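What follows is each chain in one-letter form.
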Amino acid sequence: MAIDGLIILDPAGRPIIQSSYTTYPAAYPLLHIEALNNALAKAPREGSVDPVIYVGELSCSSACCHVEVGGMRFVATISGDVDPLIAFAFLDAFIEILHDYFGIVSVATLKDNFDIVYQLLEETLDSSGHPLTTSPNALSDIVLSPSLISKLLASVSPATPGVPSARQGGYGAFTSPIPWRKAGVRHNHNEILFDVVEEMRGIVGNNVFGKIESNAKLSGTPDLTLTFTNPNVMTECAFHPCVRLQKWTRDNALSFVPPEGRFVLAEYQYRPPQSALISNVPIPLSLKANMDMGEFGGTFALTLTSRLIKVMENLELIFYLGEDATSAQCTLSSAGSSVGSVGSADGSWAFNSRTKTLRWEILNMRSSGSWILRGSWTSKIKAPRPAHAFQIRFEIPSYSFSSLKVDQLRLSSETYKMYKGVRMRSKGSIEWRW
Amino acid sequence: MDGINLNALSENATRLGMRIQETIAEHTRDLSLTRGGSSLFDMADDKTKNITKQLESSSDREKLDAMKRLIALISKNRPVSSYFPAVVKNVASPNLELRKLVYIYLLRCAPSEPDLALLSINTFQRDLADPSPLIRAMALRVLSGIRVPTVATIVLMAVRKSAADPSPYVRKAAALAVMKVYKLDQAHHQTLLDIMTTLLRDRSPLSLGTAVLALDTIAPSRLDLLHVHFRRLCRALPDIDAWGQVDVLRVLVRYARTMLPKPVPASERQEEEVDKDLKLLLACAEPLFMNKNPAVVLAVARAFYYLAPPPMLSKIGAPLLRLLSVSREVERVALAYLLVVARSHPALFITSHNRLLVRVDDAEQVKRTKISVLLALCTVDNHQTLLREFVDYAQDTDDSVAGDAIHAIGRIASLVPSSTSQCLTALMGMINSKQDIIVSNAVLVLKSLVQHQLLTPSCNPTTTLATSLSSQQALLTSSIPSLTPSIPTSLSAAHLPFTSSESTSIVQAPLSIIAQLARRIDDIRHPHARACVLWLVGQYGSVPGTGTTVEGVADWAPDVLRKAARSFNTEASIVKLQTLTLAAKLILLAPTHRTLILLAQHVLTLARYDEDWDVRDRARMLRALLVGAVADFMSSNDEEGLGENWNKKEHAGRPGVVLRREQVTRVLFEGKSGTIGEEPVADSRPLGTLSLVMESESLHLHDDDDETVIDLPEWLEQGIDPALRDSDDDAPQAALSSTAQAISSQAISSQHVPTPAGSTPVVLTPAGGSTPKDTKDWRDLNKFYASESESESEDEGEEGVEEGSGIDDDSGEDEETSEDEGDEEDERVAEHDPSPSHEKTVL
């Protein structure tokens, strides 16, 4: 009646790491791996596999919930009538922990540090199927991370006097009175950085979701209060457990004792101040599409124009040409651009014959001018069925849709001075129908 | 501060030293900068021989290396139990890193090697007194993981000891161990319950969640044990960790359903009546909507959905929508829940339907659920927008999504009658699509719409429908002459059947749709859709009066039969069957028309030699039916020797079954009830369950309904006496919690005085001060027992009253039985060994 275990599969679908399924039939993990691999093989396109796969072979009904990270599949198997959200929340927490420990989560790092992964697994998931300690700060006391610095030190000064290895480590564990924060942290240089990342999502542009990521290196037990000049642009908020919710509901101020290191302080949705509807934030670009569908293919002419004064980066337009698409041919051009010479558009396009998608990329999109992509594609069937919308992704550095502004950050309970930094960043992932 | 600082420093130094030692040794051997894990992970099998030797060496480094190799073997599913004796020797190693790896090994292998694990039990028992809470907890976890019934008593002692441990982490492990011991041996049920009462009084939110979970696992029927803790649990809710919040909320929802009075919605006569304990629970749970963990958000939404009085339900809308933007996987699961809520309370989401629109890159399942949700939100006001969306989704690259979208258009037409004309226009437009799948789905939907309209003409404003279609009709009628020349009979003398006056009559409008479908029969290739059109043409092809070319038959009908007859041999069986039916119906309508009879005979003859049993049988049946009804049928049959013989033989055998024309008409045309677009079935599965998410495939899950009942019981008519929930905690709670709350994340308030650095003002748990707490606990225990016995006596009193007055028999009885069950279970457990009947509750 809970999370039965966790399996990590490599890109080929073979298990790298799996928790112990001692109380289950021997075939249990294999059946789930097989069910997942079958489903992945059958999927018509990437991302169309149901993230919850029901496995009915065993007497107890079970399912595997899977997430893809770095080419690998993280699978949590659940049995009984459990909420699959618990499994996904756990997977999310576990992957976050791996990021915290190894920086990159890849087959190589996991194989290199498999003993640590097993220790983490043991500490985060009890054999009864219930998550145990998932706060990265508390875990770092229990399971030592393979810090690169210690390795470098080791190679530089090999002659450290032999410290008796007994009674070290582990004794700092669970002494902290706050579950999410380590006790007795000291830094010579105290700093806390905030990254406000906002993402526009929706169809023909509407909702903006924001996230305040934070990286804290503060000594002792800092009690922080973060206030905004315009907190009313934030709605439907979600917070890290460290944030005192009552204070937020009362004063719209974030009062918290931060954990050490990286964490996501808050998530919110942008509410434009004057409009009644949440979802009409203007899109920073426009697209004109002329589509002409013929037999065994079609032609298109797409014109992209920026509506923003800032430069948009890594703009990417993706167009799914349908299961039966065979090839595509395009020409790029740009027009009316005041900067740079006309014709030498700094963009590129590519057709991926495996995913059947056409990808158009513009690394730097200036505020004026327009970018044009003309082309045609061919298809095996007479009446081609391309997707009815383009997906457009872009990034805008040092910009925020909501213009959320931090008023001040106060530190109480500690006396030192700290360095404070706030950075804004925006992304977009919108769908444009034609 | 300096002291702490120094401690931390020296600790770091020792750790560093340890790590350095390890790495040097590794480097000297591997001469590489990596940790060498990968090489260990992928090592060849022949190297495994050294492991035992390494484990017995004196160097910790060698032992560590060996343990890593072992764990690598475990993850490759190789047998490792043969190393057990060698590993167990290291269980008391002073090296913590090594010991942790040994524990991991034991946690995995102890269950399969219980006898060998027994060898190490002494060590674990010693470890239970280790100064490090980490070691104590690990020892307890290994100990409870050894699944040998004979050690149950030892484990039980260990659990009892750990339940009073000063570290909440160890107490948490104790609560988890309670579940494992119970699974192992139910004979200790009573002892475990005693331990539970200790654990439930825990002040630390860290272990409280697990304690509630353990109680729920070992004694789901003993919700009465929670009476005195209920209010404290509610208040502690914000401070429990996310996983605990999910478990506690689940149990509290159950508690509220069984123990609290159902909220009475406000009505004209009385005010809204909500129990104050229920209010407390909801008030304490509400801030958790702002939790980052999707499982917690759902758990709170679930609590509101099943407990809150209707006006408060509006609070679950926004949080559920927020879940959709967390991740693709969460979106998939949350949508399934959202669909259930949207069907019962569409008002919550109507204004935000644009967040539920289908994206091109959504997974198929997500797209289909979104379409269902949007359909549930359809109202007179937004149907225009939704219709546009569905028309767009019909172009989807996924067939099932396109199909769902087209069927959704049909549903809009029946949900919002005024939109029928638009929906029909949209569907008729789809008939012209180049995509087979769109055409066939549109035909299917059109068929049910038309049929629905024809069957229930009074409830639909068909006049609007008719006028809206008049333009199409004009188009249609003008094009008919162009078709008719292809009919090689007298049919070519086409007479336009529809006049404007006729078209306003009730039946004409849907008929014009059929006419249009009939005209497009060549483009409708999907067998199912083709069969549909053929059936429609036959069923509704009769025209009263004499206005048409063939008397009694609509002008568009005969040509359909001609086309179907021509391609008969290449059609699918389902189309063949409908062609036969169409032929029979048409000659029944025009029994004297020579060409039609010839066509029908041609088709019937082809069917006689068809591969398919059903087609042959259908032809045979229809022929027999028609023999008496169509006079010329017989005579024309003479031309075909075979047919004649066959007919004569049939006749000779059973002369009595010849039906008159009226009878045959009745057989062929009547009693065809239309299929009205199926209503979405009301969902009985509770939110937050796998079976709801896996609705389409959860056949196995649907069997165990009793589990659902346990998880989400019906409200009782009347709650139990709220006085039972009074506890000593309530009064001192405020004072006591000033410590507990000041620290707690949610409640540090302005009263919190910034203290100089050095002292730790934020104390979540009295980690060090175990002694004073223990004494307090013991004092509390007595009080607790007192209060429990009190509650029992009150229960009895209540029952007595009920017997006397005879009111509220239901609630009284329900409670009684639940109590009885609880008792009975205890007795059974005490009497004999674990019986299989307990397994259900265990699992």
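Residues numbered from 1 in each chain as written. Chains lettered and ligands numbered in written order. Predicted model: local features only at pLDDT ≥ 70, side-chain atom pairs only at ≥ 80, totals over all residues. Heavy atoms only, no water.

Caption draft 1: Fine view of the overall build of chain B. For chain B, the helix and strand inventory stands at 41 helices and zero strands. Within chain B, the fraction of its 843 residues that count as buried is 55%. Taking all contacts inside chain B whose residues are at least 6 apart in sequence as the whole, residues at least 24 apart take part in 69%. Carbon and sulfur atoms make up 55% of the accessible area of chain B, which amounts to about 35400 Å² in all. (Helix = DSSP H or I, 4+ residues; strand = E, 2+ residues; numbered from the N terminus. Buried < 20%, exposed > 50% of the residue type's maximum accessible area, 1.4 Å probe, protein only. Contact = heavy atoms within 4.5 Å. Areas by Shrake-Rupley, 256 points an atom, 1.4 Å probe, with all protein chains shown as cover.)

Caption draft 2: Here's a closer look at the overall build of chain A. Helix and strand counts for chain A come out as seven helices and 21 strands. Expressed as a percentage of its 434 residues, the buried residues of chain A come to 60%. For chain A, long-range pairs separated by at least 24 residues make up 70% of all intrachain contacts whose partners lie at least 6 apart in sequence. If you sum the accessible surface of chain A, you get close to 17200 Å²; carbon and sulfur atoms cover 52% of it.

Caption draft 3: Here's a closer look at the sheet that holds strand β8 (residues 223-228) of chain A. All names here are of chain A. Sheet architecture is open: three strands sit in the order β10-β8-β20, paired in antiparallel fashion. Taken across any chain shown, the strands that pair with only one partner, and hence form the sheet edges, are β10 (254-256) and β20 (406-412). Taking the axes of each pair of neighbouring strands and ignoring which way they run, one obtains an average angle of 10° across the sheet. Bridge count for β8 against β10 is three bridges, and the pairing is antiparallel. Bridge assignment links leucine 224 to a residue of β10, and that residue is phenylalanine 256. (Pairing = 2+ DSSP bridges. Axes fitted to C-alpha atoms, helices over the stretch in contact; angles between N-to-C directions.)

Caption draft 4: View of the confidence of the model for chain A. Residue and element names in this part refer to chain A. Here chain A averages 81 in pLDDT, and 87% of its residues register 70 or above. Confidence drops under pLDDT 50 across residues 155-170; counting only partners more than four residues distant or on other chains, this segment forms 26 contacts. Scored below 50 in pLDDT, residues 338-344 shows five contacts in the model against residues more than four places distant or in partner chains. (pLDDT = per-residue confidence, 0-100.)

Caption draft 5: Quick look at the environment of methionine 293 of chain A. As for its placement among the helices and strands, methionine 293 of chain A is situated in strand β12 (residues 285-294). Once the C-alpha coordinates of methionine 293 of chain A and proline 386 of chain A are considered, the two residues, 93 residues apart in sequence, prove to be 9.3 Å apart.

Caption draft 6: Spatial organisation of the side chain of aspartate 126 of chain A. Mapped onto the elements of the fold, aspartate 126 of chain A is located in the loop between α4 (114-124) and α5 (136-142). A polar contact of 2.7 Å, which involves the side chain of aspartate 126 of chain A, links it to the side chain of serine 128 of chain A. Residues within four places of aspartate 126 of chain A in sequence aside, it is in contact with Leu132 of chain A together with Arg141, Leu176 and Lys180 of chain B. (Polar contact = N/O pair within 3.5 Å; in protein donor to acceptor, adjacent residues only side chain to side chain.)

Caption draft 7: Geometry of the environment of proline 25 of chain A. Residues and elements named next belong to chain A. You can see proline 25 is positioned in the loop between β2 (15-18) and α1 (28-42). A relative accessible area of 43% places proline 25 in the partly exposed class. Measuring from C-alpha to C-alpha, the distance between proline 25 and valine 311 comes to 58 Å, with 286 residues separating the pair along the chain.

Caption draft 8: Looking closely at the environment of leucine 387 of chain B. Residues and elements named next belong to chain B. Mapped onto the fold, leucine 387 is located in helix α21 (residues 383-393). For leucine 387, a relative accessible area of 7% puts it in the buried group. Apart from the residues lying within four places of it in its own chain, the contact partners of leucine 387 are Ile409, Ile412, Gln422 and Cys423.

Caption draft 9: View of the pairing of strand β21 (residues 419-433) of chain A. All names here are of chain A. The pairing of strand β6 (residues 191-203) with β21 spans 13 bridges and is parallel. What sits directly across from glycine 202, in β21, is isoleucine 430. Of the pairings in the sheet, the one linking strand β19 (residues 389-397) to β21 comprises nine bridges and is antiparallel in character. Note that in β21 the partner of phenylalanine 390 across the bridge is tryptophan 432.

Caption draft 10: Here's a closer look at the packing of α21 of chain B against helix α22 (residues 399-415) of chain B. All names here are of chain B. At their nearest, the axes of α21 and α22 sit 8 Å apart, and the two run at 150° to each other. Compared by their axis directions, α21 and α22 come out roughly antiparallel. Note that α21 runs across α22; the crossing there is left-handed. Seen from α21, the contacting residues are His383, Leu386, Leu387, Phe390, Val391 and Tyr393; seen from α22, they are Ala402, Ala405, Ala408, Ile409 and Ile412. The class makeup of the residues in the contact of α21 with α22 is 10 nonpolar, one polar and no charged. (Parallel < 35°, antiparallel > 145°, perpendicular 65-115°, else oblique. Left-handed = near helix turned anticlockwise from the far one by under 90°. Nonpolar A, V, L, I, M, F, W, Y, C, P; charged D, E, K, R; others polar.)

Caption draft 11: Summary view of the packing of helix α30 (residues 573-589) of chain B against helix α35 (residues 661-669) of chain B. Residues and elements named next belong to chain B. Following both chains from N to C, one finds α30 and α35 inclined at 145°, their axes separated by 11 Å at the closest point. The element α30 and its partner α35 pack so that their crossing is left-handed. For the pair α30 and α35, the contacting residues are Ala584, Lys585, Leu588 and Leu589 in the first and Arg661, Val664, Thr665, Leu668 and Phe669 in the second. Its residues assigned to classes, the contact of α30 with α35 shows six nonpolar, one polar and two charged.

Caption draft 12: Summary view of the domain arrangement of chain A. For chain A, the domain assignment lists domain 1 (5-148), domain 2 (191-279 + 401-428) and domain 3 (285-397). Each of domain 1 of chain A and domain 3 of chain A has a C-alpha centre, and these two points are 37 Å apart. (Domains from an automatic or database assignment.)

Caption draft 13: Region of interest: the packing of aromatic side chains. Per the stated rule, a full pass over the model turns up 16 aromatic pairs over all chains. Centroid distance phenylalanine 300 of chain A to phenylalanine 319 of chain A: 6.2 Å. Interplanar angle 85°. Geometry classified as edge-to-face. Here the residue phenylalanine 300 of chain A occupies a position in strand β13 (residues 297-306), and phenylalanine 319 of chain A occupies one in strand β14 (residues 312-320), the gap between them amounting to 19 residues. These aromatic residues form a ring-pair network of at least three members: Phe300, Phe319, Trp377 and Phe390 of chain A. Taking the ring centre of tryptophan 535 of chain B as reference, the NZ or CZ of lysine 447 of chain B above it sits at 5.6 Å. If you follow arginine 616 of chain B out to its NZ or CZ, it ends over the ring of tryptophan 613 of chain B, 4.9 Å from the centre. (Phe/Tyr/Trp six-rings, centres within 6.5 Å; stacked < 30°, edge-to-face > 60°. Lys NZ or Arg CZ within 6 Å of the ring centre and 35° of its normal.)

Caption draft 14: Looking closely at the sheet that holds strand β11 (residues 261-270) of chain A. Residue and element names in this part refer to chain A. Read across the sheet, nine strands follow the order β9-β11-β7-β6-β21-β19-β14-β17-β16 without closing on themselves; strand pairing throughout is mixed. At either end of the open sheet lies a strand with only one pairing partner, and these are β9 (234-239) and β16 (347-352). For this sheet, the mean angle separating the axes of adjacent strands, direction not counted, is 15°.

Caption draft 15: The pattern of salt bridges, seen in detail. Per the counting criterion, the structure on display carries 42 salt bridges over all chains. Lysine 382 of chain A is the salt-bridge partner of glutamate 295 of chain A, the closest N and O atoms lying 3.8 Å from each other. In this pair, glutamate 295 of chain A is assigned in the loop between β12 and β13 and lysine 382 of chain A in the loop between β18 (370-379) and β19, connecting sequence segments 87 residues apart. Judged by relative accessible area, which is 53%, glutamate 295 of chain A ranks as exposed. Note that arginine 359 of chain A is salt-bridged to glutamate 361 of chain A, the shortest N-O span being 2.7 Å. For arginine 359 of chain A, a relative accessible area of 32% gives the class partly exposed. When salt bridges that share partners are traced, they join Glu123 and Asp126 of chain A together with Arg141 and Lys180 of chain B into one network. (Salt bridge = Lys/Arg side-chain N within 4 Å of Asp/Glu carboxyl O.)

Caption draft 16: Main features of unusual backbone geometry. Residue and element names in this part refer to chain A. The backbone of glutamate 236 sits at a positive phi, close to 50°, despite the residue not being glycine. With respect to the element layout, glutamate 236 can be found in strand β9. Although it is not a glycine, asparagine 314 sits at a positive phi angle of roughly 50°. Along the polypeptide, asparagine 314 turns up in strand β14. Asparagine 314 gets classed as partly exposed once you look at its relative accessible area, which sits at 36%.

Caption draft 17: Structural detail: α22 of chain B. Over its 17 residues, α22 of chain B extends 24 Å from the first C-alpha to the last, a length consistent with the 24 Å expected when each residue adds 1.5 Å. For α22 of chain B, every residue scored as buried is listed here: Val401, Ala402, Gly403, Ala405, Ile406, Ala408, Ile409, Gly410, Arg411, Ile412 and Ala413 of chain B. (Expected span 1.5 Å × (residues − 1).)

Caption draft 18: Spotlight on helix α23 (residues 420-431) of chain B. Residue and element names in this part refer to chain B. Taking 1.5 Å of rise per residue, the 12 residues of α23 would be expected to cover 16 Å, and the 17 Å separating its terminal C-alpha atoms lies within 8% of that figure. Of all 12 residues making up α23, nine are buried, and the element is well covered by its neighbours. The set of residues buried in α23 consists of Thr420, Ser421, Cys423, Leu424, Ala426, Leu427, Met428, Met430 and Ile431.

Caption draft 19: Looking closely at the confidence of the model for chain B. Residue and element names in this part refer to chain B. Here chain B shows a mean pLDDT of 71. Residues at 70 or above account for 65%. Taking the mean pLDDT of every element in chain B, the minimum, 35, falls on helix α26 (residues 500-503) and the maximum, 91, on helix α17 (residues 294-307). Here residues 698-706 is modelled with pLDDT under 50, and outside its nearest four sequence neighbours on either side it reaches 13 contacts, counting other chains as well. Across residues 732-782 the pLDDT falls below 50, and counting only partners more than four positions away or on other chains, this stretch makes 67 contacts in the model. Prediction confidence for the complex, expressed as pTM and ipTM, is 0.78 and 0.89 respectively.

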